[in-house]
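Tertiary structure, described
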Amino acid sequence: MLETSPTYQQIARAIEYLMANYQQQPSLFEAAETASLSEYHFQRLFTDWAGVSPKKFLQYLTLTHARDQLRHGLTVAEVAEQAGLSGTGRLHDLFVTLEGLTPGQARQGGAGLALRYGVFDSPFGPYALGAFGDKIARLDFLEEGDIGETITERMAAYWPAATLVADPVGLQPLADSIFTATPARPLRLLVRGSDFQVKVWEALLKIPEGRVVSYDQLAAAVGMPTASRAVGTAVGANPVGYLIPCHRVIRKTGIFGQYRWGSLRKTAMLGWEAARTQPAEKQMSAEAPFLS
């Protein structure tokens, strides 16, 4: 059995509770109780994880904030033309490159290649990582209860002809470069997909951390403004979670919507990234009202 990270598991329960009870203005005590922690430890754990207080974090998850992002944020097309962005707000594709297989290679499904894989922890729970050499070929978030057979089946479903080799030790340096603001190495992705899917995934790489776009905006960015439904399907087929940031696409109403690895995880990612791209704030006192 696979157990999720205790930290993420507790944080996720708290986020779910806060979003469901926002109108009731829950106290810090009530939020901490949901995470099975004291007020002090919950405040410290949450702030260490998110970089901001629970109260501030929740502000990034409101409809008002999301709609403001869509209304005033850069479109993918505009982002692609930007230069000189620095820090955590720089273009995602400055350090992540994507390579699509030719149709012939795609049909072979990884034949003759060794797909190394392993399970690692992240700020959003455990995930299975698969790679051909130093090229990331799969990043699949896992749920509590997932077992080894499930992990290998998912790898084989996407790369059916590849030879699977468990190598968590060898992949650890690559895994260590993923969930960081400034990766120690350029990250190279290798994907199987139609030309249209790859085009959508390449567009996703141009959305900076802390920003969101709507499906309509993304469709316009790939030159198919009337194909938002097809774009949504391509977004949902993304084989490399987080690095191809499909979680940064939301509905034009401001609602975050579904996510192949769980809507709660998508919510956590968006809030976490928004917090990392905002100026640092002072920690909220544990004695202060939580949502006053």
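Scroll up to find the structure this text is about.
This next bit is on the overall build of the chain. Helix and strand counts for the chain come out as 13 helices and eight strands. The buried share of the chain, reckoned over its 292 residues, is 47%. Look at the contacts in the chain between residues 6 or more apart in sequence, and 69% of them connect residues 24 or more apart. Total accessible area on the chain is roughly 13500 Å²; 52% of this is exposed by carbon and sulfur atoms.

The end-to-end C-alpha distance of helix α1 (residues 6-20), which contains 15 residues, comes to 21 Å, matching closely the 21 Å that a straight helix rising 1.5 Å per residue would cover. For α1, the set of buried residues is Tyr 8, Gln 10, Ile 11, Ala 12, Ala 14, Ile 15 and Leu 18. Elements in contact with the buried residues of α1: α2 (28-34), α3 (39-50), α4 (54-59) and α13 (263-276).

Right, let's talk about the pairing of strand β6 (residues 187-191) for a bit. Most of β6 sits out of view: four of its five residues are buried. Two strands pair when backbone bridges link them, and strand β1 (residues 96-100) and β6 are joined in this way by five bridges, in the parallel orientation. Along β6, the bridge assignment pairs Val 96 with Leu 187. Taken together, the two bridges between strand β4 (residues 135-141) and β6 define a ladder with parallel strand orientation. Looking across to β6, one finds that Lys 135 is bridged to Arg 188.

Another aspect to go through is the packing of aromatic side chains. Within the structure shown, the criterion is met by 18 aromatic pairs. A cation sits over an aromatic face here: Arg 192 above Tyr 158, 5.9 Å from the ring centre. Taking NZ or CZ as reference, Arg 192 lies 5.9 Å from the ring centre of Trp 159, over its face.

Following the sequence through the fold, Tyr 22 ends up in the loop between α1 and α2. Judged by its relative accessible area of 32%, Tyr 22 is partly exposed. Put simply, Tyr 22 and Thr 62 are 40 residues apart on the chain and 9.6 Å apart in space, counted from C-alpha to C-alpha.

Take the pattern of salt bridges next. Taken as a whole and assessed by the stated rule, the structure comprises ten salt bridges. The partner of Arg 276 in a salt bridge is Glu 209, and the shortest N-O contact between them spans 2.4 Å. Separated by 67 residues along the polypeptide, Arg 276 in helix α13 and Glu 209 in the loop between α10 (195-204) and β7 (213-214) bring together distant segments of the chain. The closest approach of N and O atoms between Lys 252 and Asp 216, which form a salt bridge, is 3.4 Å.

As a further point, take the sheet that holds strand β3 (residues 127-132). Either a parallel or an antiparallel arrangement is found when strands of a sheet pair, and the pairing is made through backbone hydrogen bonds. Read from one edge of the open sheet, six strands run β1-β6-β4-β3-β2-β5, paired in mixed fashion. Each of the sheet's edge strands pairs with one partner strand only, and the pair in question is β1 and β5 (163-166). In this sheet, neighbouring strand axes are inclined to one another by 35° on average, regardless of whether the strands run parallel or antiparallel. Strand direction decides the pairing type here: strand β2 (residues 114-120) and β3, joined by five bridges, are antiparallel. Residue pairing in the sheet places Phe 120 in a bridge with Tyr 127 of β3. Sitting on the sheet, helix α9 (residues 168-176) touches β2, β3, β4, β5 and β6, and the angle it makes with β2 is about 75°.

A separate point is the packing of α1 against α13. Viewed as axis vectors pointing N to C, α1 and α13 meet at an angle of 95°, and their least axial separation amounts to 10 Å. Taken together, the axes of α1 and α13 lie roughly perpendicular to each other. Together, Tyr 8, Ala 12, Ile 15, Glu 16 and Met 19 of α1 and Leu 264, Arg 265, Thr 267 and Ala 268 of α13 make up the contact between the two elements. By residue class, the composition of the contact of α1 with α13 is six nonpolar, one polar and two charged.

Next up on the list: the environment of Lys 266. Summarising the element assignment, Lys 266 is placed in helix α13. Once residues within four sequence positions are removed from consideration, Lys 266 is found in contact with Tyr 215, His 247, Val 249, Ile 250, Phe 256, Gly 257, Gln 258 and Tyr 259.

Attention now moves to unusual backbone geometry. The phi torsion at Ser 36 lies on the positive side, around 60°, for a residue other than glycine. Along the chain, Ser 36 turns up in the loop between α2 and α3. In this model, Tyr 242 sits at a positive phi of 70°, which is unusual for a non-glycine residue. Checked against the element boundaries, Tyr 242 lands in the loop between α12 (228-236) and β8 (249-250). According to the relative accessible area criterion, Tyr 242 is buried, its value standing at 3%.

The N-to-C vectors of α1 and α3 enclose an angle of 100°; their axes lie 11 Å apart at closest approach. Considering the angle they form, α1 stands roughly perpendicular to α3. On α3, the residues touching Thr 7, Gln 10, Ile 11, Ala 14 and Ile 15 of α1 are Phe 42, Leu 45, Phe 46 and Trp 49. Classifying every residue of the contact of α1 with α3 gives seven nonpolar, two polar and no charged.

Basis of the calculations
Residues numbered from 1 in each chain as written. Predicted model: local features only at pLDDT ≥ 70, side-chain atom pairs only at ≥ 80, totals over all residues. Heavy atoms only, no water. Helix = DSSP H or I, 4+ residues; strand = E, 2+ residues; numbered from the N terminus. Buried < 20%, exposed > 50% of the residue type's maximum accessible area, 1.4 Å probe, protein only. Contact = heavy atoms within 4.5 Å. Areas by Shrake-Rupley, 256 points an atom, 1.4 Å probe, with all protein chains shown as cover. Expected span 1.5 Å × (residues − 1). Pairing = 2+ DSSP bridges. Phe/Tyr/Trp six-rings, centres within 6.5 Å; stacked < 30°, edge-to-face > 60°. Lys NZ or Arg CZ within 6 Å of the ring centre and 35° of its normal. Salt bridge = Lys/Arg side-chain N within 4 Å of Asp/Glu carboxyl O. Axes fitted to C-alpha atoms, helices over the stretch in contact; angles between N-to-C directions. Parallel < 35°, antiparallel > 145°, perpendicular 65-115°, else oblique. Nonpolar A, V, L, I, M, F, W, Y, C, P; charged D, E, K, R; others polar.

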